[in-house]
Amino acid sequence: MTSLEKRRVVVTGLGALTPVGNSAEEYWAAISQGKSGIGPITKFDAKDLPTRIAGEIRNFDSLNWVDKKEARRLDPYLKYAIACAAMAVEDAALNVDKVDRTRFGVLVGSGIGGITTLLESHKDLLEQGPDRVSPFFIPMLIINMASGLISMRYGAKGPNSAVVTACATGNHAIGDACKIIQRNDADVMIAGGAEAIITELTFAGFCQMKAMSTRNDEPTKASRPFDADRDGFVCSEGGGLVVLESLEHAVKRDARIYAEIVGYGMSSDAHHMTAPDPEGDGAARCMAEAIRDAGVAPADVGYINAHGTSTPYNDKFETMAIKRVFGPHAKKLAVSSTKSMVGHLLGAAGGVEAIATILGIHHGLLPPTINYETPDPECDLDYVPNQARKQEVEVALSNAFGFGGTNATLAFRRFRG
């Protein structure tokens, strides 16, 4: 199938749960104003850990989305996924009774899945014996259950799958869902990622890796991508899901269209379990592939929502990769990291960052990289420092790079019928 034969795919619905807001609207309003959602950990006693801050979901009541009986059978990450799906479907004004259910699919992933359930069930096993382990333990734990439950909720009988690619999960889910529609295997897809990993065990593991910021006394300033004084990422939780439709399907029902998804790139560093390629090779090839798939020139790209984790290596090598792909145009690009405000949502990062990119195109406003105070000579691009910028953009990329060297880039374009 040539690029000329691909069906056009558009974004018609958005659903988000983030540390700065419990809807896509609240999320966008906060990041447009450069607000941080990072604070002291409240979900467990973190006094013995080097990192005691996180981006937690606040004031979330799952009973707004599921009944009390069902809620008891759901890991937090599943509650986040279901809530985001419901918000995205509502935002899209999608009447599921009028959709061909066999051409309506779901592709939602998670980096780690039901770790809260795993820890609680293990405790039950040790303290009370095997008979006290819930029969819902396995369904609550597994990562594809998010897609399964969402498909059941809406009677979506089309493609039903899940992606697990660490921090690239959300992008891979959206990109794969786009390809399913492009090749005419579905008309509508709900796609993205959800994560709920703020547990003592998870944090102990990341702390042992020395991957997270220890700026505990200044939590709102801890995530500082591309800044010379960055000292690690800030772990967060939440979800980001979108409704994708073929253009024909969206136009037929007179849907509001946020943007068009036009390109998707994938690659592997094949280098190290956790460290990015020091030449930025995998990231560069991934962006180049998304641009090629979109059928645009590098000079057509006006904005990149960077992976921008606030770790010394990632930010340096991602900057290097951008220069490698764009050459002199790299200096004209606007590049920002919304992780500066919401932290790193791991498997949900790609979903919420895709939403930021989509809304940036839709509103003609680029979200900032906050906490950018001390320039790093090795990170010398335009990172939209500290304040949002009014700027019309035709084409934008959103990057996501994960442990295992897995990379995914999405390309979005302003919708023009």
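Provided above is the structure to which this section pertains.
Let me begin by describing the structure that accompanies this report. Residue positions within a chain follow its written sequence, with the count starting from 1. Only residues with pLDDT of 70 or above have their local features reported here, since the model is predicted, and side-chain atom pairs are shown and tallied only from 80 upward, although totals for entire chains, interfaces and linings are computed over all residues. Side-chain calculation: all heavy atoms of the structure are included, whereas hydrogens and water are not.

1. What about the overall build of the chain?
Here is the rule: The numbering of helices and of strands both runs from the N terminus, where a helix is a DSSP run of H or I of at least 4 residues and a strand a run of E of at least 2. Taken over C-alpha atoms, the radius of gyration is set against a globule rule of 2.2 Å times the number of residues to the power 0.38. Residue exposure (1.4 Å probe, protein chains only): buried if accessible area is under 20% of the type maximum, exposed if over 50%, otherwise partly exposed. Whether two residues are in contact is decided by their heavy atoms, any of which lying within 4.5 Å being enough. Per-residue and other accessible areas were derived by the Shrake-Rupley procedure at a 1.4 Å probe size, with only the shown protein chains allowed to occlude residues. For the purpose of counting charges, residues Lys and Arg are taken to be positive, whereas Asp and Glu are taken to be negative. His and the chain ends are not included. To locate a charge, the coordinates of NZ of Lys, CZ of Arg, CG of Asp or CD of Glu are taken.
A tally of regular secondary structure across the chain gives 13 helices and 14 strands. Against the 2.2 N^0.38 benchmark of 22 Å for 417 residues, the chain shows a C-alpha radius of gyration of 20 Å, consistent with a compact globule. Considered along the principal axes of its C-alpha atoms, the chain spans approximately 65 × 50 × 40 Å. Per-residue burial over the chain gives 63% buried out of 417 residues. Relative to all contacts within the chain whose residues are 6 or more apart in sequence, the contacts with residues 24 or more apart total 79%. Of the accessible surface of the chain, which amounts to about 16,200 Å², a share of 52% is contributed by carbon and sulfur atoms. Considering the chain, the positive charge centre built from 43 side chains and the negative charge centre built from 50 side chains are found 3 Å apart.

2. Here's the deal with helix α3 (residues 76-91)
The line we're drawing: In this analysis, the expected span of each helix is defined as 1.5 Å times one less than the number of residues it contains. Two N or O atoms form a polar contact when they lie within 3.5 Å of each other; inside protein one atom must be a possible hydrogen donor and the other a possible acceptor, and for residues adjacent in sequence the pair counts only when both atoms belong to side chains.
Helix length check: α3 (16 residues) gives 22 Å between terminal C-alpha atoms against 22 Å at 1.5 Å per residue, within 8%. Burial analysis of α3 places 13 of its 16 residues in the buried class, which makes it a mostly covered element. With a side-chain oxygen lying 3.0 Å from the backbone nitrogen of Y77, the N-terminal cap of α3 falls on D75. Trailing α3 by a residue or two, A93 shows a phi angle of about 50°, which is positive.

Nothing here speaks to function; it is all geometry.
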